[in-house]
Amino acid sequence: MALRGLAASGPGSRGPLDEAVAAAEERGAPAVVVAAGGAPEDDDEDEGRGRGLLRWDGFSAWLHCVCVVGFDLELGQAVEVIYPQHSKLTDKEKTNICYLSFPDSNSGCLGDTQFCFRFRQSSGRRVSLHCLLDHYDKDLPVYLKKDPAYFYGYVYFRQVRDKSLKRGYFQKSLVLISKLPYIHFFHTVLKQIAPEYFEKSEPYLEAACNDVDRWPAPVPGKTLHLPIMGVVMKVIPFISFADTHISVILPTVHEVDLFSQMLWELVLLGEPLVVMAPSPSESSETVLALVNCISPLKYFSDFRPYFTIHDSEFKEYTTRTQAPPSVILGVTNPFFAKTLQHWPHIIRIGDLKPAGEIPKQVKVKKLKNLKTLDSKPGVYTSYKPYLNRDEEIIKQLQKGVQQKRPSEAQSVILRRYFLELTQSFIIPLERYVASLMPLQKSISPWKSPPQLRQFLPEEFMKTLEKTGPQLTSRIKGDWIGLYRHFLKSPNFDGWFKTRRKEMTQKLEALHLEALCEEDLLLWTQKHTEVETVDLVLKLKNKLLQADRERLPVKPDTMEKLRTHIDAIILALPEDLQGILLKTGMT
């Protein structure tokens, strides 16, 4: 697994750390490597201060806050500490964090457990980090951008026997709250700091947060050195943070048959899915793996890696008065077996099998057979897949189980399989959408940028005969039916809106470049003073728009346009010059 390369080595030696880094770099894969001691090879951590960032700006680039959730005999679960202390959380958000940070009592998680959750931000919250971070976020793939309306919670939960406590157990969670979907990365951070925090308490936590505040912002494509409590995490390369979303496809579903295209289809189509698992770890890993199985396509609907009956959206998502929403829920409470039995697709995860044991093949079962959370593992659905089963990948995985192939190797096979399947599906859509772009020769500097052609489903369907997925995929089946269903899904809506915005911005950028190639000063000599002033104001607005929306213009375009504006203003009477120079920016 690309991001599980954790090692330590002394300075000057080529130990496991160096080999892990070298291997990751050779593969072009991301890696999080933890080295004991030593200073970063460059001044990454001081970069933020050089940019004039304020105290806690560095921290805010990665985390919203850190919470400690404990169990009070009178109050139940309660947030004991929020750090930094100025961090803002509404009462509703605190309540969600309280209940989502502890496993359900039936999970029986003794020792240390790690999992993650996701919850909706309270309405009315001011959505911002700062423009600098938005700039970095813009360069990331869509499925790795920060979540503007949701928080992720990364949990390290400890439950151990303690006779000195009235309840008989020590129960506490250290929780990182962030808008960033870097699952494995934040779990790695927690492994570094949580065990010692439970021993050393608040001063240790404050020191760890101070370390995070020294981190450089998450810059795509750049190797980062992130110091944390005496070790330095080397993250490479950042643009490929995709694997930190989740590196294992369905790691807790050991039954090979469940790796069929059916689950991929259900996720692709945004169908309501519930994962019933024995623990929050298995629940969250499985939900995240499902979401990630359609990568590089972003899953645009809601998903909850771990969901409880106390969640603020519990009523909204479990009501029987309307059809289940497009959402993937991960649950562990037996109560959900009854509450969600009307859902159309349910995945029941069994307990993990002993290492080396060959799993029995699990059949798809009818929903009516799902009575309780103790029902046998399997997929309970009446859904009929559009595509035929790929027997080749199933045989390959079964062979891997029989030969005791490492789970990391199985994971690589599955990631590649789902990636190629998604790409085969998306390429025809990308090709058709690209054809909606007007020709560059139709862009005139003196007219508004041309509009994109409309997406016509039937016109797209006709293109599939010659340029459909059959060109890149061996899988047979009703591809046309799958596309028709997909075009009505939230994932298509989100994907197309994103592509349309990108293409519209490209047209705006081409229009700006066309303007820059014109002799604007000559134009003003043939037009009235009023028309010239109007042109200057429009050009200034264009500059502001390009800067605000970060249009994909050539590096010298903006400077050329400013030069044009200044030249036009200087050719005007002095009274107008003074007014126009003060209007906007040049």
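Anyway, here's the lowdown on the structure attached to this text.

What counts and how
- Residues numbered from 1 in each chain as written.
- Predicted model: local features only at pLDDT ≥ 70, side-chain atom pairs only at ≥ 80, totals over all residues.
- Heavy atoms only, no water.
- Helix = DSSP H or I, 4+ residues; strand = E, 2+ residues; numbered from the N terminus.
- Buried < 20%, exposed > 50% of the residue type's maximum accessible area, 1.4 Å probe, protein only.
- Contact = heavy atoms within 4.5 Å.
- Areas by Shrake-Rupley, 256 points an atom, 1.4 Å probe, with all protein chains shown as cover.
- Axes fitted to C-alpha atoms, helices over the stretch in contact; angles between N-to-C directions.
- Parallel < 35°, antiparallel > 145°, perpendicular 65-115°, else oblique.
- Nonpolar A, V, L, I, M, F, W, Y, C, P; charged D, E, K, R; others polar.
- Pairing = 2+ DSSP bridges.
- Expected span 1.5 Å × (residues − 1).
- Arc of directions from axis to C-beta.
- Core = buried A, V, L, I, M, F, W, Y, C linked by side-chain atoms within 4.5 Å.

Moving on: the overall build of the chain. Along the chain, the regular secondary structure elements total 20 helices and 14 strands. Among the 586 residues that make up the chain, the fraction classed as buried is 53%. In the chain, of all internal contacts separated by at least 6 residues, the share reaching a separation of at least 24 is 74%. Put simply, the chain shows about 27500 Å² of open surface, and 53% of that area lies on carbon and sulfur atoms.

This part is about the packing of helix 6 (residues 183-200) against helix 7 (residues 202-213). Between helix 6 and helix 7, whose axes approach to 7 Å, the crossing angle comes to 150 degrees. Considering the angle they form, helix 6 stands roughly antiparallel to helix 7. Residues Gln 192, Ile 193, Glu 196, Tyr 197 and Lys 200 of helix 6 form the contact with helix 7, whose own contacting residues are Glu 202, Pro 203, Tyr 204, Leu 205 and Ala 208. Tallied by class, residues from the contact of helix 6 with helix 7 come to six nonpolar, one polar and three charged.

Here the focus is the sheet that holds strand 4 (residues 111-120). Sheet strands associate in pairs through backbone hydrogen bonding, adopting either a parallel or an antiparallel arrangement. With antiparallel pairing, five strands are arranged side by side in an open sheet as 3-2-6-5-4. A single partner strand is all that each edge strand has here, and the edge strands are strand 3 (76-83) and strand 4. Neighbour-to-neighbour, the strand axes of the sheet open up by a mean angle of 25 degrees, direction not taken into account. Inspection of the sheet shows strand 2 (residues 65-72) paired to strand 6 (residues 169-178) by six bridges, in the antiparallel sense. Pairing of Gly 70 across the sheet is with Lys 172, part of strand 6. Sheet strands touched by helix 6: strand 2, strand 4, strand 5 (150-161) and strand 6. Its angle to strand 5, the strand with the most contacts, is close to 40 degrees.

Now for helix 19 (residues 557-570). Its 14 residues give helix 19 an end-to-end C-alpha distance of 20 Å, which sits within 8% of 20 Å, the value for a rise of 1.5 Å per residue. If you check which residues of helix 19 are buried, you get Thr 557, Met 558, Leu 561, Arg 562, His 564, Ile 565, Ile 568 and Ile 569. Considered in projection along helix 19, the buried side chains sweep an arc of 160 degrees and stay on one side of the axis. Contacts from the buried residues of helix 19 go to helix 16 (490-516), helix 17 (520-525), helix 18 (529-549) and helix 20 (574-582).

Our next topic: the pairing of strand 4. Counting buried residues along strand 4, seven of its 10 residues qualify, which places the element largely inside the surrounding structure. Summarising the sheet, strand 4 and strand 5 pair through 10 bridges and their orientation is antiparallel. Looking at strand 5, one finds that Phe 119 is bridged to Phe 151.

What follows covers the nonpolar core. The biggest cluster of nonpolar side chains holds 94 residues, and the ones touching the most others in it are Trp 62, Leu 174, Phe 185, Trp 264, Phe 425, Leu 429 and Phe 455. Residue contributions to this core peak at 10 residues, all from helix 13 (residues 407-434). When sequence neighbours within four positions are dropped, the list of residues in contact with Trp 264 reads Cys 293, Ile 294, Leu 387, Phe 418, Leu 421, Thr 422, Phe 425 and Leu 482. Counting 21 residues, the second-largest nonpolar core is a separate cluster that includes Leu 535, Leu 539, Ile 569 and Leu 580.

By themselves, these observations are geometric and do not establish any function.
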